[in-house]
Amino acid sequence: MSADALGAERAAAQAQIAALTRQFDEIVAASQASNADDEHDPEGATIAFERQQVAALLAAARRRLADAEAAVRAVEGGTYGRCESCGGAIAPERLAARPTARTCITCAT
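Keep in mind it's a predicted model, so treat the numbers as computed, not measured. (Residues numbered from 1 in each chain as written. Predicted model: local features only at pLDDT ≥ 70, side-chain atom pairs only at ≥ 80, totals over all residues. Heavy atoms only, no water.)

Asks: Even after reading the chapter, I still don't get the nonpolar core, so can you show me in this structure?
Replies: Burial of nonpolar side chains together is a common tendency in soluble globular proteins. In this structure, Ala13, Ile17, Leu20, Ile27, Val54, Leu58, Ala61 and Leu65 together form the largest nonpolar core, which totals 8 residues. Looking at this core, the elements with two or more residues in it are helix H1 (3–33) and helix H2 (47–77). Contacts of Val54, omitting those with residues within four sequence positions, involve Leu20, Gln23, Phe24 and Ile27. With 5 residues, the next largest nonpolar core counts Cys83, Leu95, Ala101 and Cys104 among its residues. (Core = buried A, V, L, I, M, F, W, Y, C linked by side-chain atoms within 4.5 Å. Buried < 20%, exposed > 50% of the residue type's maximum accessible area, 1.4 Å probe, protein only. Helix = DSSP H or I, 4+ residues; strand = E, 2+ residues; numbered from the N terminus. Contact = heavy atoms within 4.5 Å.)

Asks: Is there a simple way to explain the side chain of Thr100 in this structure?
Replies: Note that Thr100 resides in the loop between helix H3 (92–97) and helix H4 (105–108). Residue classification places Thr100 among the buried positions, given a relative accessible area of 12%. Setting aside residues no more than four positions away along its own chain, Thr100 makes contact with Leu6, Glu9, Asp67, Ala68 and Ala71.

Asks: Would you explain the pattern of salt bridges in this entry?
Replies: Oppositely charged side chains can form a pair if their charged atoms are brought close together. In the structure shown here, the tally under the stated rule is 3 salt bridges. With a shortest N-O distance of 2.7 Å, Arg64 and Glu9 are connected by a salt bridge. Of this pair, Arg64 sits in helix H2 while Glu9 sits in helix H1, and the two are 55 residues apart along the sequence. Put simply, Arg102 and Asp67 hold a salt bridge, and the shortest N to O gap is 3.5 Å. Remark: Asp67 occurs in helix H2 and Arg102 occurs in the loop between H3 and H4; sequence separation between them is 35 residues. Residue classification places Arg102 among the partly exposed positions, given a relative accessible area of 30%. (Salt bridge = Lys/Arg side-chain N within 4 Å of Asp/Glu carboxyl O.)

Asks: Teacher, can you tell me more about the UniProt feature "zinc finger region: dksA C4-type" (unreviewed entry) in the chain here?
Replies: The positions that UniProt labels "zinc finger region: dksA C4-type" (unreviewed entry) are, in the present scheme, residues 83–107. Between the C-alpha atoms that bound residues 83–107 there is a distance of 8 Å. The span itself is 36% helix and 0% strand. (UniProt positions renumbered as here; feature names shortened; annotations may be inferred.)

Written out as structure tokens, the structure is:
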């Protein structure tokens, strides 16, 4: 994978983080502006559930960004496609499926 493609992956992760952060902030603001007892409302999900769901998605997006940034550094350093654990080659099929993979299949399992 090229540095440009990994840069695009990094940009996509940054955009996702920005969108999820806005969504999280909106949920928090809505809960502060409302006096509804959402914790005991049998009609739907609670604000706390929604907030935690967005927080989990945000954490995953941050991991995605960290992986993309590590892959860009690996390309720049000439180590892209090498396992960080054993130093062996990461199979092209694994990199095609997961371009930000840091380990080979053997070390990943």
